[in-house]
Amino acid sequence: MFNEFVYKISQDQIEKIEEYFFENNIKNYYFYETKEGTFLVLVFEEKQEKIFLPFNLEFVENRTTTSEDWVKNLITKPFEFIEGVYVDPDHNNVDGEIVIRITPGLAFGTGLHDTTKLSAKFLKKYLRPGMDVLDLGCGSAILSILAKKLGADRVLGVDNDPLAVEAAKENVERNNVDVEIRQSDLFSNVDGKFDLIVSNIIAEILIEALKDLPKFLKKDGVVILSGIIDSKLPLFKNYNIVEHWRSNEWNALVIKI
């Protein structure tokens, strides 16, 4: 069981809230819309007091729920995640090159955020069948699942958030793909070397990860980094940036080490 705090928000607050949560590595949230308006939901594993947020939000309710409730409550129409790749909660309503069954709305990276889309576009461009892939900070595992569906061999997704790990394991099972999910603080529970490492987390943690990343990268391996807001881009100026894509204020980089 999980504890949820529900807030009513305005559409123009979403971007500021997402930016604040991303910069503070807060992943346990989702948005949803009804005819009554737009809502923010914070999810916690155990019952706790309402937390402080630096925004003027209207508190609606505190409720208990399960991960299955998320699927039931947040079903939306299928959408095209990136070109040729669709997200469909029912996994039977879309004819596409690749269809991923995942709950749109959960915050752990569901294809709704610019940073996730940028990562996925680079994955589709650089991943070759048979590659070993590490998804560092996997969240919902949407990128791990995509990597497997694109033809990767070994795929390992790791995250330090137990909520994200649970959601990731459920999504892997839902998609019937051979992807391993582990709880890990960056590389602490990672073994082996990879042809491609993708990481969609905040810039400061990416910089920290880059210190140990070469130990886990095969020769001529590819690194995809996303989650870099404009103001943090200079942190990466001394790295060998092969390609750089930007969407709104978010940036993704392909780096060779």
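Colleague: Any chance you could explain the nonpolar core here in plain terms?
Modeller: Within the largest apolar cluster, 42 residues are counted, with the highest numbers of intra-cluster contacts made by F81, L123, L127, L146 and L196. Once residues within four sequence positions are removed from consideration, L196 is found in contact with L123, Y126, L127, M131, D132, V133, L134, V222 and I224. Within the second largest apolar cluster, 22 residues are counted, among which are V158, F187, A209 and L210.

Colleague: Explain the pairing of strand β12 (residues 217-229) here, please?
Modeller: On any regular strand, side chains alternate: one points to one face of the sheet, the next to the other face. Counting buried positions along β12 yields 10 of 13 residues, so the element is predominantly enclosed. Across 6 bridges, strand β11 (residues 194-200) lies against β12 in parallel orientation. Paired with I197 across the two strands is V223, which belongs to β12. Summarising the sheet, β12 and strand β14 (residues 250-255) pair through 6 bridges and their orientation is antiparallel. Across the sheet, I224 pairs through a bridge with V254, a residue of β14.

Colleague: Could you clarify how one ought to interpret the packing of aromatic side chains in this entry?
Modeller: For any pair of aromatic rings, the description consists of the separation of the ring centres together with the inter-plane angle of the planes. What the rule picks out here adds up to 7 aromatic pairs. Pairing F5 with F59 gives two aromatic rings, centres 6.4 Å apart and planes at 50°, and the pair type is tilted. Of this pair, F5 sits in strand β1 (residues 2-9) while F59 sits in strand β4 (residues 58-65); the two residues are 54 residues apart in sequence, bridging distant segments of the chain. Residue F59 is classed as partly exposed on the basis of its relative accessible area, which comes to 32%. Residues F187 and F216 carry aromatic rings whose centres are separated by 4.6 Å and whose planes lie at 5° to one another, so their mutual orientation is stacked. Residue F187 is found in the loop between β10 (180-183) and β11, and its partner F216 is found in the loop between α6 (203-212) and β12; the two are separated by 29 residues along the sequence. Like F187, the residue F216 is buried in the burial classification. Feature note: the residues F5, Y7 and F59 constitute an aromatic cluster, connected by ring pairs.

Colleague: What is the right way to look at the sheet that holds strand β7 (residues 98-100) in this model?
Modeller: Backbone-to-backbone hydrogen bonds join strands into a sheet, with any given pair of strands oriented parallel or antiparallel. Here 3 strands make up an open sheet; going across it, the order is β5-β6-β7 and the pairing mixed. For this open sheet the edge positions go to β5 (79-82) and β7, each flanked by a neighbour on one side alone. Here the strands of the sheet are splayed against their neighbours by 35° on average, with no regard to which way each runs. Where strand β6 (residues 85-87) and β7 come together, 3 bridges link them in parallel fashion. From the neighbouring strand, V87 faces β7, where its bridge partner is I100.

Colleague: Explanation requested: unusual backbone geometry in the structure shown.
Modeller: Positive phi is not limited to glycine here, since N176 has a value of about 55°. Within the secondary structure, N176 is located in the loop between α5 (162-175) and β10. Take N176: its relative accessible area is 71%, and that puts it in the exposed class. If you check the backbone angles, L186 has positive phi at about 50° while not being a glycine. Structurally, L186 is set in the loop between β10 and β11.

Colleague: Help me understand the side chain of S184 in this model?
Modeller: Among the secondary structure elements, S184 is positioned in the loop between β10 and β11. The class for S184 is buried, based on a relative accessible area of 4%.

Colleague: What exactly am I supposed to notice about the environment of K149 here?
Modeller: With respect to the helices and strands, K149 occurs in helix α4 (residues 142-149). The spacing of K149 and I100 is 49 residues in sequence and 8.7 Å in space, taken between C-alpha atoms.

Cut-offs and rules
- Residues numbered from 1 in each chain as written.
- Predicted model: local features only at pLDDT ≥ 70, side-chain atom pairs only at ≥ 80, totals over all residues.
- Heavy atoms only, no water.
- Core = buried A, V, L, I, M, F, W, Y, C linked by side-chain atoms within 4.5 Å.
- Buried < 20%, exposed > 50% of the residue type's maximum accessible area, 1.4 Å probe, protein only.
- Contact = heavy atoms within 4.5 Å.
- Helix = DSSP H or I, 4+ residues; strand = E, 2+ residues; numbered from the N terminus.
- Pairing = 2+ DSSP bridges.
- Phe/Tyr/Trp six-rings, centres within 6.5 Å; stacked < 30°, edge-to-face > 60°.
- Axes fitted to C-alpha atoms, helices over the stretch in contact; angles between N-to-C directions.

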